[in-house]
Amino acid sequence: MAEAVLAHRAGGEKGAEYQAIGLVSAAHFVNHFQHLVLPPLFPLLKAQLGIGFVELGLALTTASVVGVAAQLPVGYLVDRVGSRRMLVLGLLVAGLAYLGLGLAPSYPAMLLAMVFVGLSNAVFHPADYALLSAKIAPPRLGRAFSIHTFAGFLGNAVAPVTMIAIAAGAGLNVALMAAGILALVVAVPLVLARSADSETAPQHPARAVAERREGMTSILTPTIIGLTGFFALMSLSGSGISNFSVVALTSAFGTSLSVANLALTAYLSAQALGVLAGGFIADMTRRHAEVAAVGYGVNAGVVLAIGLVGFGTVPLLLAMAAAGLLGGLIMPSRDMLVRAAAPPGAMGRTFGIVTSGFGIGGMVGPLMFGFAMDQGAPQWVFGISVILMIAVSVVALIGDRRSARRRAAPLQAAASAD
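Note that this is a predicted model, so its numbers are computed, not measured.

Scanning the protein chain from N- to C-terminus turns up 15 helices and 0 strands. The proportion of buried residues among the 418 residues of the protein chain is 48%. Counting only contacts in the protein chain whose residues sit at least 6 apart along the sequence, the fraction spanning at least 24 positions is 84%. Summed over all atoms, the accessible surface of the protein chain reaches about 18700 Å², with 70% contributed by carbon and sulfur.

Here the structure, examined in full by the defined rule, presents 4 salt bridges. Arg140 is the partner of Glu17 in a salt bridge, and the nearest nitrogen-oxygen pair spans 2.8 Å. In this pair, Glu17 sits in helix H1 (residues 2-35) while Arg140 sits in the loop between helix H5 (107-135) and helix H6 (141-170), placing the two residues 123 residues apart along the sequence. Judged by its relative accessible area of 28%, Arg140 falls in the partly exposed class. Across the salt bridge formed by Asp283 and Arg143, the nearest N and O atoms sit 2.6 Å from each other. Of this pair, Asp283 sits in helix H10 (residues 257-284) while Arg143 sits in helix H6; the two residues are 140 residues apart in sequence, bridging distant segments of the chain.

As a further point, take the nonpolar core. Formed by 83 residues in total, the largest nonpolar core has its most connected members in Leu87, Leu91, Phe230 and Ile306. No other element matches helix H9 (residues 222-253), which puts 12 residues into this core. Excluding its chain neighbours within four sequence positions, the residues that come into contact with Leu91 are Ala27, Val30, Phe124, Ala183, Leu184, Val186, Ala187 and Leu190. Ranked by size, the runner-up nonpolar core spans 25 residues in total, among them Leu56, Ala59, Tyr107 and Leu176.

Next up on the list: the confidence of the model for the protein chain. Summary statistics for the protein chain give a mean pLDDT of 83 and a share of 86% for residues scoring 70 or more. Note on residues 1-10: pLDDT under 50 across the span, and 0 contacts to partners over four residues away in sequence or across chains. Note on residues 199-216: pLDDT under 50 across the span, and 12 contacts to partners over four residues away in sequence or across chains.

Quick look at the packing of helix H3 (residues 53-81) against helix H13 (residues 347-354) now. Describing two packed helices takes the angle between their axes plus the distance from one axis to the other. Orientation of H3 relative to H13, taken along the N-to-C sense of each, is 160°, at an axis distance of 7 Å. Relative to H13, H3 is oriented roughly antiparallel. As H3 packs across H13, the resulting crossing turns out to be right-handed. Contacts from Gln71, Leu72, Gly75, Tyr76, Val78 and Asp79 of H3 reach H13 at Met347, Gly348, Arg349, Phe351, Gly352 and Ile353. Residues that form the contact of H3 with H13 fall into these classes: 6 nonpolar, 4 polar and 2 charged.

Moving on, we come to the packing of aromatic side chains. As enumerated under the stated definition, the model contains 7 aromatic pairs in all. Summarising the aromatic geometry, the rings of Phe231 and Phe358 are spaced 5.0 Å apart at their centres and angled 50° between planes, so their arrangement reads as tilted. Of this pair, Phe231 sits in helix H9 while Phe358 sits in helix H14 (residues 356-374), and the two are 127 residues apart along the sequence. Phe358 gets classed as partly exposed once you look at its relative accessible area, which sits at 23%.

Analysis parameters
Here, residues in each chain are numbered from 1, in the same order as that chain's written sequence. Reporting of local features is limited, given that this is a predicted model, to residues whose pLDDT is at least 70; pairs of side-chain atoms are given and counted only at 80 or more, and all residues count toward the totals for whole chains, interfaces and linings. Calculated side-chain values reflect all of the structure's heavy atoms, with hydrogen atoms and water omitted. Secondary structure counts use DSSP, requiring at least four H or I residues in a row for a helix and at least two E residues in a row for a strand, with both numbered from the N terminus. To sort residues, take the accessible area from a 1.4 Å probe on protein chains only and compare it with the maximum for the residue type: under 20% means buried, over 50% means exposed, and anything in between is partly exposed. Contacts between residues were defined by any pair of non-hydrogen atoms, one from each residue, lying within 4.5 Å. Note on areas: Shrake-Rupley with a 1.4 Å probe; residue coverage comes only from the protein chains shown. Think of a salt bridge as a Lys or Arg side-chain nitrogen and an Asp or Glu carboxyl oxygen that are within 4 Å of each other. By convention a nonpolar core is built from buried Ala, Val, Leu, Ile, Met, Phe, Trp, Tyr and Cys residues, the set being connected through side-chain atoms within 4.5 Å. Residue-level confidence of the predictor is what pLDDT reports, using numbers from 0 through 100. Axis angles are defined between N-to-C directions and span 0 to 180 degrees, where every axis is a line fitted to C-alpha atoms and, for a helix, only to the segment in contact. We call two directions roughly parallel when the angle between them is under 35 degrees, roughly antiparallel when it is over 145, roughly perpendicular when it lies between 65 and 115, and oblique otherwise. Note: crossing handedness is left-handed where the near helix turns anticlockwise from the far helix by less than a right angle, and right-handed where it turns clockwise. We call Asp, Glu, Lys and Arg charged. Ala, Val, Leu, Ile, Met, Phe, Trp, Tyr, Cys and Pro are nonpolar, and the rest, Gly among them, are polar. Aromatic contacts are taken between Phe, Tyr and Trp rings whose centres are within 6.5 Å, Trp giving its six-membered ring; a plane angle under 30 degrees counts as stacked, one over 60 as edge-to-face, and the others as tilted.

Dropping the structure here:
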């Protein structure tokens, strides 16, 4: 009888975990899908609105800047209001923004929509990771993080072809409205899934007053600031390969455009598969910093070879796939490092601050790698990426050593007192 009760309880816990992973992954899919709603439609938007590519680029920059600026306050709201509610709000805001843009397209409307899309984008990483951390048992958390990240990659992969297909078949306005409707549809299960709420334990009134007095900046510890820099370096190192490898390969080695694009596809596809495999690695070890450091160290060697050697088609595809696989393997361990650094009850704020590093890298990377291309130095796209990957390895190891010393200090003090 007792065994049956335990089995039933375990089945219920697994069901709650599956529900949390499904809800969060669907929301993350939509979030990444919406990252690539506008770029495939640039030619159509340019023609219909009578604007240039600079104006279109400004719209994307607006969303990025607003998203980075909102990360910390949104992370605080995640911790106070709840992950599920904030995910619902994020999906509704983004969905209505694209729906409104599709109903009345104009350049001012686009800029306004991108402000709301940026605000909504700030919700997803803090809320996703906070909900998963609350609902998934620690032995399976790495795999949960990996599925969540894979869903984002999938959203990136299907968005361009989907938007082009809808625009070709039903027009630009309908395509924009469809992107909004997708977010609204995915919000419905989250609205209904009240069991996915992860409310924090009631606080003592004095503790609550103290937390309000300290404000959001109380979370800005050296470890969290270091992890933010770590994420920014990771974003920078990957953006060169993702955004500029095609033009760098064609310019530096005369690689055909079709082969260079195929190599990028191999990189992105292997990266997505690496994320899933990396979840198992993250659950098998607590030495996440070493996993990140070794992975990026080896990856730096692979990318250096790509930038120095004019590989033929097959070796190039294999090398780019290896680089993508290694980059993907590291991502769940990266997320586990942040979870370990988060103070109790501050998971949303912690991920909100740390993942702002993605936005910082996204703003700086295109300018840096674009400058290298404009200077007639396409191989430096890979060279800069290598330097950044080595920096990521070093930062991961240094940060881990400092964290270990801080964790050991109280134990040493207790031992001395005895």
